[in-house]
Amino acid sequence: MSGIGSGYDLSASTFSPDGRIFQTDYAQKAVDNSGTVVGIKCKDGVVLGAEKLIISKMLEENSNRRTFPVDRHAGVAVAGVAADGRSIVSRAMAEANNYKNFYGDPIPGHVLAERLGSFVHLFNLYSSVRPYGVCTLLATYGKEGPQLYLVEPSGTTHRYFGTAVGKGRQGAKNEIEKLKLEELSCQEGIKAVAKILHQVHDEEKGFEMELAWICDESKRQFQRVPQPLVDAAEAAAKAALEAEDMDD
Amino acid sequence: MQPRPQSHSAALGPGCTGPSLANPTPLAFDHQRQVAQAPSCGAEAFAVDPAALANGQPRKHTTYPYVTGTSVLGITYKDGVLLASDTLGAYGSTKRYKSFDRLRKVNESCIVGAGGELSDFQYIMRLLEELSDDDFCMDDGHTLKPAEVHSYLCRVLYNRRNKMDPLWNSLVVGGFHAGKPFLGTVGMQGTNYTDAHVATGFGNHLARPLMREHHRPDMSEEEATALLHQCLKVCYYRDKNSINKFTIAKVSAEGVTISEPFALETEWRYKLFENPAANAAGAW
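Residues numbered from 1 in each chain as written. Chains lettered and ligands numbered in written order. Predicted model: local features only at pLDDT ≥ 70, side-chain atom pairs only at ≥ 80, totals over all residues. Heavy atoms only, no water.

- An unreviewed UniProt entry lists chain A under the name Proteasome subunit alpha type-3, with Chlorella vulgaris given as the organism.
- In its Function (unreviewed entry) section, UniProt records this for chain A: "The proteasome is a multicatalytic proteinase complex which is characterized by its ability to cleave peptides with Arg, Phe, Tyr, Leu, and Glu adjacent to the leaving group at neutral or slightly basic pH. The proteasome has an ATP-dependent proteolytic activity." (UniProt positions renumbered as here; feature names shortened; annotations may be inferred.)

## Remarks on the environment of Leu227(B)
Residue and element names in this part refer to chain B.
- Assignment of secondary structure puts Leu-227 in helix α6 (residues 221-238).
- Between the C-alpha atom of Leu-227 and that of Asn-241, which follows or precedes it by 14 residues, the distance is 21 Å.
- When near neighbours in sequence (up to four residues on either side) are disregarded, Leu-227 contacts Ile-75, Leu-210, Met-211, His-214, His-215 and Met-219. (Helix = DSSP H or I, 4+ residues; strand = E, 2+ residues; numbered from the N terminus. Contact = heavy atoms within 4.5 Å.)

## A short note on unusual backbone geometry
- If you check the backbone angles, Arg220(A) has positive phi at about 55° while not being a glycine.
- Residue placement: Arg220(A) occurs in the loop between β9 (207-215) and β10 (223-224).
- Even without being glycine, Asp139(B) reaches a positive phi, approximately 50°.
- Position of Asp139(B) among the secondary structure elements: in the loop between α2 (118-138) and α3 (146-162).

## Focus: the packing of α2(B) against α3(B)
Residues and elements named next belong to chain B.
- Look at α2 against α3: their axes get within 12 Å of each other, and the N-to-C directions meet at 135°. Classed by the angle they form, the pair α2 and α3 counts as oblique. In this structure, α2 crosses over α3, and the sense of that crossing is right-handed. On α3, the residues that touch Tyr-123, Ile-124, Leu-127, Leu-128 and Leu-131 of α2 are Val-149, Tyr-152, Leu-153, Val-156, Leu-157 and Arg-160.
- For the contact of α2 with α3, the per-class residue count stands at 10 nonpolar, no polar and one charged. (Axes fitted to C-alpha atoms, helices over the stretch in contact; angles between N-to-C directions. Parallel < 35°, antiparallel > 145°, perpendicular 65-115°, else oblique. Left-handed = near helix turned anticlockwise from the far one by under 90°. Nonpolar A, V, L, I, M, F, W, Y, C, P; charged D, E, K, R; others polar.)

## Some words on the packing of aromatic side chains
- Across all of its chains, the model carries 12 aromatic pairs over all chains by this definition.
- When the centroid spacing of 4.8 Å and the interplanar angle of 80° are considered together, the rings of Phe102(A) and Tyr103(A) count as edge-to-face.
- Since its relative accessible area comes to 51%, Tyr103(A) is described here as exposed.
- Both rings, one in Phe246(B) and one in Phe262(B), keep their centres 6.1 Å apart while their planes meet at 50°; by these two values the pair is tilted. With Phe246(B) in strand β12 (residues 246-252) and Phe262(B) in the loop between β13 (255-258) and α7 (271-274), the pair connects residues that are 16 residues apart, well separated along the chain.
- Linked through ring pairs, Tyr236(B), Tyr237(B), Trp268(B), Tyr270(B) and Phe273(B) together constitute an aromatic cluster.
- Geometry around Tyr91(B) places Arg96(B) over its ring, the cationic atom sitting 5.0 Å from the centre. (Phe/Tyr/Trp six-rings, centres within 6.5 Å; stacked < 30°, edge-to-face > 60°. Buried < 20%, exposed > 50% of the residue type's maximum accessible area, 1.4 Å probe, protein only. Lys NZ or Arg CZ within 6 Å of the ring centre and 35° of its normal.)

## What to know about α2(B)
Residue and element names in this part refer to chain B.
- Taking 1.5 Å of rise per residue, the 21 residues of α2 would be expected to cover 30 Å, and the 30 Å separating its terminal C-alpha atoms lies within 8% of that figure.
- Taken across its 21 residues, α2 has 16 buried, putting it largely inside the fold.
- Two residues or fewer after α2 comes Asp-139, characterised by a positive phi angle close to 50°. (Expected span 1.5 Å × (residues − 1).)

## Quick word on the nonpolar core
- Grouped together as the largest cluster of nonpolar side chains are 26 residues, with contacts concentrated most on Val38(A), Ile40(A) and Val47(A).
- Looking at this core, the elements that each hand over two or more residues are β1 (37-42), α4 (169-178), α5 (186-200), β9 and α6 (227-247) of chain A.
- In contact with Val47(A), other than residues within four places in its own chain, are Val38(A), Gly39(A), Ile40(A), Cys42(A), Cys186(A), Gly189(A), Ile190(A), Val193(A), Ala212(A) and Trp213(A).
- Membership of the second largest hydrophobic core comes to 25 residues, among which are Cys110(B), Leu144(B), Leu153(B) and Leu171(B). (Core = buried A, V, L, I, M, F, W, Y, C linked by side-chain atoms within 4.5 Å.)

Right, here's the structure in full:
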């Protein structure tokens, strides 16, 4: 891997002869090697799910958060370098606060996504800094309805019906495409996300699942999915996967 | 385009008085607020600059409230706290805004009621909303307790008073936390105390005697509501700057409810009111 970009990969301000910025690609690799994060936009809200790999048995449960509210109506899930993720969350909170102070209204999804994209892009322009090694899934629920955005380490942002990043993204994206998202409610959505995360998880080590949503049921506020619902979704997911295994 | 901070007085520093207090601090590259829990609107803390004072410019500050609210009443009862006020924003003697909510919710365990300059109250609510939103984003199960809200408002009002630019309000903070009701008040100078029943403005003179007579800490909600209705009625009869449209806010273990506006029965058919000029001499 170290031989490929020799000479052109030392700083983010250098293009390679074939038009790539290797530092940005390497940042994307950092995301690709981390736990899967899945986001789907259901008909009444957005569900985000993160696969938190257990790196040590001594870790206390529920430490190491991966989903964060950035305002009442918006929240993010981060995949990649965790510390970079916290920095992005901090910036997103500041942007939302700044917008509200200036315009008097909660920040719309597309504005926050663009601001985060511009912010992340800054770090792809200069040799004195390195790009952020995170993909940020942004879930908002405002006047425009529920929306899901993905901000990549290069600074590009897109709006999605459903997407996944991290190790199991290919399998997860395939599963998401099979879902009928316009008909799915968030209650069913969390079961679907739980199933996808269990399915794409590489079975060697255990993992913790963190689910967060913003939907009509949560009064259009971003919050962690209540524990009873998480447990029910996890049980349903495991049962469904076992049933499929038996069919095979 | 960012609005430029204006200052009334160079002595008090840039952007510390007037509307500039509501300006957001600029979003620098890695700007973090100096103190956690400090709202991002509002000026940084500063001291009065003696050199600028010597400049000879007169110091300017809030001298006069414009749109005002009148009394706010609060009592504790067995299971919580009740706050009551009318819904009037008066412009001097003119009863200008007749549907102004002077009782507002802060979070599930705390409510604030205000009399005095209502634009300052809206600014205070903005500060409290920012603090509540920060708590929401921290997402650790902790929210501002009523005593903390009260303490915070005391400091804000006292520090503004020290800058000779007060927030011209009399506030009542009511809440229910850890099974105990909380009721406190803060004045525009920063005077503050907690008590089993409080009132601001005219309510102090008209309502508190009734409260002293009838209040018990173990009142039921119906008794407490009846007592408040009695007090509100007296305030409406005797306070010129009030209207017959009230709201009552309740905080209890179940959370906060703010009632729809209601009116009280009043009696005006007194004989002397019927022909007021009957005994007037020299009528023109």
